[in-house]
Amino acid sequence: RMREVDLGCGKALLIKESGEFHAVGHKCPHYGAPLVKGVLSKGRVRCPWHGACFNIGTGDIEDFPGLDSLPRFQVKIEKEKVYIRASKQALQTQRRTKVMAKCISLSNYNLSSTNVLIIGAGAAGLVCAETLRQEGFSDRIVMCTMDRHLPYDRPKLSKSMDSHPEQITLRPKDFFCTYDIEVLTEMQVAAVDVKSKIAVFKDGFKMEYNKLLIATGNTPKTLSCKGKEMENVFNIRTPEDANRVVKLATSKNVVIVGASFMGMEVAAYLAERAHSVSLVELEHVPFKKFFGERVGRAVMKMFENNRVKFYMQTEVSELREQEGKLKEVVLKSGKVLRADVCVVGIGAVPATGFLKQSGINIDSKGFIVVNKMMQTNIPGVFAAGDAVTFPLALRNNKKVNVPHWQMAHMHGRIAALNMLAHGTEISTVPYLWTAMFGKSIRYAGHGEGFDDVVIQGDLDELKFVAFYTKSDEVVAVASMNYDPIVSKVAEVLAAGRTIRKRDVDLVTETPLAFLSFRTGDMSWLTGKGS
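Residues numbered from 1 in each chain as written. Predicted model: local features only at pLDDT ≥ 70, side-chain atom pairs only at ≥ 80, totals over all residues. Heavy atoms only, no water.

All right, on to the UniProt feature "domain: Rieske" (unreviewed entry) in the chain then. The positions UniProt marks with the feature "domain: Rieske" (unreviewed entry) are residues 1-84. Measuring from the first to the last C-alpha atom of residues 1-84 gives 16 Å, for a span that is 0% helix and 49% strand. (UniProt positions renumbered as here; feature names shortened; annotations may be inferred. Helix = DSSP H or I, 4+ residues; strand = E, 2+ residues; numbered from the N terminus.)

Written out as structure tokens, the structure reads:
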């Protein structure tokens, strides 16, 4: 059981499990979700919004997203009363940064050598650096990034487009100074010599390393049609890109190419601000491959109700200009759309071109191949995040690419632990979310190749749960307005249990089970799964 209790100057989450009491912070440090509405399971609580997990005994973060842990409060029982002792500061901040080491031998290194080099400063790179320090690592750590900013909350580029860089940084500048994590901005690695253990930068600078993490993420695909280079055509890659699109799109005509997560989130964000928003997509339904046709149609209807116009089963043939600026988008169907701004969201490719001659194993699509410990085929070289394929325990160790925020965090942590020879294997359940028009779709598992979708609830009311099955097995779940069902399923899958198709079909076959489901009670899931 979990209960939110008010201590006067702040709240705590009081937990009773297996006869023992624990008290921790009541808000998820990621985006502030109330953990009392989350899922309690075997010594940890999982956030209902985005799936982060915290140990109820220590408050430590065990699965992501987010960087900080929960504060832990003292609990004592006297005469059948529960007393919680907590500092006012911890109650007000509701977060705790783990104790970290610093570099004790910085003077032993010259400018061009480091113990750990991290290429990329996204979630994977930052979590790797922080985990090393949390584990007591006290040698030099250098992160390098093509970006001009310190690590920031990249999902907000399409979900909250007018956020300025300083509003979305994951850690302030003084954090990196305090814990001796050096960040080289606007520095691009051009090649890696794994035999000499040297990274060569685009400007000719060379850096020697002992351990290497490659976490370069991906590069957005660009249009191949005439006019693609003109002004006001954007791939949203940086906060400046997102800010500029919002500014240019206000009260203007916007065309978005690609009903990807990024494309759809941008369309939703601009719908109230722009004069018109048109979305061009090759498929006949958005998100069809990911969420299935029925969910895709329900989402499409929500967008149409919010003035977004879809042009499906076509693509762009030409971008036309007037006085050097975008004026029209011409579709292969012959339709001509007025456009002052065009945002391209047609997918991405792994940013691994600089590794082609390195000897690091890269597959035919450009992804770096790693094992369960995030190790490449080269000793001492690790890779993490959107640019890798790794064995997913949930799908019988099938090699998969999961280009999502939570998974990048976990990759970074696993890589760091194995740089320190812990022998830790990745076993997390993928968890992601998308936000549009004030509503969120949450998703857990890996539904690639699903052959059926079992839907409960009401798609028209946008209150539903979709179970994605392959053969007889539930491989993923998505929901809207049904928290914390996705976190509950994630916990069942994380425990190594299999949910069968008949388990979720029973929800409709048994009136009592369906009633409990409609009211949000998930007791039908308890004990399910072989």
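Moving on: the side chain of E281. Inspection of the secondary structure puts E281 in strand β20 (residues 276-281). Of the side chains with opposite charge, K289 lies nearest to the buried E281, which makes no salt bridge, at 7.7 Å. Within the structure, E281 has its side chain in polar contact with the backbone nitrogen of E283 (distance 3.0 Å). In this structure, E281 is in contact with G258, A259, Y311, M312, Q313 and T314, ignoring residues within four places of it in sequence. (Buried < 20%, exposed > 50% of the residue type's maximum accessible area, 1.4 Å probe, protein only. Lys, Arg positive; Asp, Glu negative; His and termini not counted. Salt bridge = Lys/Arg side-chain N within 4 Å of Asp/Glu carboxyl O. Polar contact = N/O pair within 3.5 Å; in protein donor to acceptor, adjacent residues only side chain to side chain. Contact = heavy atoms within 4.5 Å.)

To continue, consider helix α6 (residues 239-249). Considered for burial, the residues of α6 that qualify are P239, D241, A242, N243, V245, V246 and A249. Turning to α6, the residues buried within the fold contact α3 (156-159), α4 (165-168), β18 (233-234), β19 (253-257), α7 (261-270) and β25 (341-344). Following α6 by one or two positions, S251 has its phi on the positive side, about 65°.

Bringing the sheet that holds strand β13 (residues 189-193) into the picture now. Strand pairing within a sheet occurs via backbone hydrogen bonds; the two strands may be parallel or antiparallel. Here 3 strands make up an open sheet; going across it, the order is β13-β14-β15 and the pairing antiparallel. One side of each edge strand has no neighbouring strand; the edge strands of this open sheet are β13 and β15 (206-208). Strand-to-strand twist of the sheet, defined as the mean angle between neighbouring strand axes without regard to direction, takes the value 20°. Relative to β15, strand β14 (residues 198-201) is paired through 3 bridges, and the arrangement is antiparallel. (Pairing = 2+ DSSP bridges. Axes fitted to C-alpha atoms, helices over the stretch in contact; angles between N-to-C directions.)

So, about the sheet that holds strand β3 (residues 20-25). If you trace the 5 strands from one edge of the open sheet to the other, you get β1-β2-β3-β8-β9, paired in antiparallel fashion. Two strands lie at the open edges of the sheet, namely β1 (2-6) and β9 (81-85), each paired on one side alone. Taking each pair of neighbouring strands and ignoring which way they run, the sheet shows an average axis angle of 30°. The sheet contact formed by strand β8 (residues 72-78) and β9 spans 5 bridges and is antiparallel. The partner of I77 across the bridge, within β9, is V82.

To continue, consider the environment of Q92. In this structure, Q92 sits in helix α1 (residues 88-93). For Q92, a relative accessible area of 56% gives the class exposed.

In the structure shown here, the tally under the stated rule is 15 aromatic pairs. With a centroid separation of 4.9 Å and an interplanar angle of 75°, the aromatic rings of F303 and F437 are classed as edge-to-face. Of the two residues, F303 is situated in helix α9 (residues 293-304) and F437 in the loop between β31 (431-436) and β32 (439-445); the sequence distance between them amounts to 134 residues. Given the relative accessible area of 0%, F303 is considered buried. An aromatic cluster is defined as three or more aromatic residues linked by ring pairs; in this entry it consists of F261, F287, F290, F291, Y443, F450 and Y468. Between R273 and the ring centre of Y269, over which it is positioned, the NZ or CZ distance is 3.9 Å. For the cation-ring pair, K463 lies above Y482, with the distance from its terminal atom to the ring centre recorded as 5.3 Å. (Phe/Tyr/Trp six-rings, centres within 6.5 Å; stacked < 30°, edge-to-face > 60°. Lys NZ or Arg CZ within 6 Å of the ring centre and 35° of its normal.)

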